[in-house]
Amino acid sequence: MGSATIKEAATLVFSTIGRDEAARRCIRSFRNLYPDTTIVVGDQNRQSREMRSFYDEQRVDVVWLPSDCGLAHARNAAFERVSTPYVILADDDFVFTEASDFAVALTIMDNETDLGVLGGRINDILAKQDGSTSMRLRRWEKFFAHIEGTKTLITIPIDYLPAKTRVIHNNTIYLCDMTANWGIWRKKIFSSDIRWDN
């Protein structure tokens, strides 16, 4: 799946507040890889001439929201603007690199229609005192478990239980109930009844 196809298939969505420089860096890094793919930002900051100009220059569909209205409200508002079948959900401090290739993920989602979300790998870049950097893989995949006879729902890291895997196009995916708020989301799983909790 090439860049032109990704443009038709997916929209990048994120919320931002108080981190204009991070949001600009995120958008620029994504645009370097996917120059024509739609970006929708739920911006909770006061509107500034500088950011309005930047969004216009980068062809970003911005949803201006009340200051500090909340992540859930901002994501819900941004999702309403999406017209593609998939959403690439990110945070405003993400930096996309050559490793951020969504073609395989979108092919998996196209072929595995029972998947609602395909979580992505997050590498945190850590600054060291000597000025160098290192990377650390962030893991957050979990199973839900209901404690019978209670209203308690617990989460269990997937590494604590036997793996549930599926091999698709030579890629192993790990099935779980929860992943970090990052990945490819099937737009149709959201409706007026299914939203982030405001």
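Refer to the structure printed above.
Reference entry: report on the structure contained in this document. Everything numeric here is computed off the predicted structure, so don't read it as measured data. (Residues numbered from 1 in each chain as written. Predicted model: local features only at pLDDT ≥ 70, side-chain atom pairs only at ≥ 80, totals over all residues. Heavy atoms only, no water.)

The next point concerns helix α4 (residues 71-79). Along an α-helix, residues three or four apart share an orientation, since each turn contains 3.6 residues. Most of α4 is tucked away, with seven of its nine residues classed as buried. For α4, the set of buried residues is A72, A74, R75, N76, A77, A78 and F79. On the buried face of α4, the contacting elements are β1 (10-16), β2 (39-43), β3 (60-64) and β4 (86-89). (Buried < 20%, exposed > 50% of the residue type's maximum accessible area, 1.4 Å probe, protein only. Helix = DSSP H or I, 4+ residues; strand = E, 2+ residues; numbered from the N terminus. Contact = heavy atoms within 4.5 Å.)

A complete count under the given rule lists twelve aromatic pairs for this structure. Aromatic pair F94 and W182: ring centres 5.0 Å apart, planes at 80°, arrangement edge-to-face. Of this pair, F94 sits in the loop between β4 and α5 (103-111) while W182 sits in the loop between β11 (171-174) and β12 (183-186), and the two are 88 residues apart along the sequence. Judged by its relative accessible area of 8%, W182 falls in the buried class. Taken together, the ring pairs connect F30, Y34, F94, F96, F102 and W182 into an aromatic cluster. Its end group placed over the ring of W140, K142 keeps NZ or CZ at 5.6 Å from the ring centre. (Phe/Tyr/Trp six-rings, centres within 6.5 Å; stacked < 30°, edge-to-face > 60°. Lys NZ or Arg CZ within 6 Å of the ring centre and 35° of its normal.)

What follows is about the nonpolar core. Core analysis: the largest hydrophobic core is formed by 37 residues, its most contacted members being F14, F96 and F102. Mapped onto this core, the elements with two or more residues apiece are α1 (3-9), β1, α2 (20-33), β2, α3 (49-57), β3, β4 and α5. In this structure F102 touches I6, F30, Y34, I88, F96, W182 and I184, once residues within four positions along its chain are discounted. V13, A72, A77 and L89 belong to the second-largest nonpolar core, a separate cluster that totals 15 residues. (Core = buried A, V, L, I, M, F, W, Y, C linked by side-chain atoms within 4.5 Å.)

The next point concerns the state of the cysteines. A covalent bond bridging the sulfur atoms of two cysteines is what the word disulfide describes. For the structure on display, the rule yields zero disulfides. With no disulfide partner, C26 has as its closest neighbouring cysteine sulfur the one in C69, 18 Å distant. The exposure class assigned to C26 is buried, which follows from its relative accessible area of 0%. (Disulfide = S-S within 2.5 Å.)

Attention now moves to the environment of A72. In this fold, A72 is placed in helix α4. Sequence separation between A72 and D197 is 125 residues; the distance between their C-alpha atoms is 6.0 Å.

Time to look at unusual backbone geometry. The backbone of R59 shows a phi angle near 55°, a positive value even though the residue is not glycine. Tracing the backbone shows R59 in the loop between α3 and β3. Of note, the phi angle at N170 is positive, near 65°, even though the residue is not glycine. Inspection of the secondary structure assignment puts N170 in the loop between β10 (165-168) and β11.

Moving on, we come to the packing of α2 against α3. Taken N-terminus to C-terminus, the directions of α2 and α3 make an angle of 10°; their axes are 11 Å apart at the nearest point. Taken together, the axis directions place α2 and α3 in an arrangement best described as roughly parallel. On α3, the residues that touch D20, R24, I27 and R28 of α2 are E50, M51, F54 and Y55. Among the residues forming the contact of α2 with α3, the class breakdown is four nonpolar, no polar and four charged. (Axes fitted to C-alpha atoms, helices over the stretch in contact; angles between N-to-C directions. Parallel < 35°, antiparallel > 145°, perpendicular 65-115°, else oblique. Nonpolar A, V, L, I, M, F, W, Y, C, P; charged D, E, K, R; others polar.)

Nothing here speaks to function; it is all geometry.
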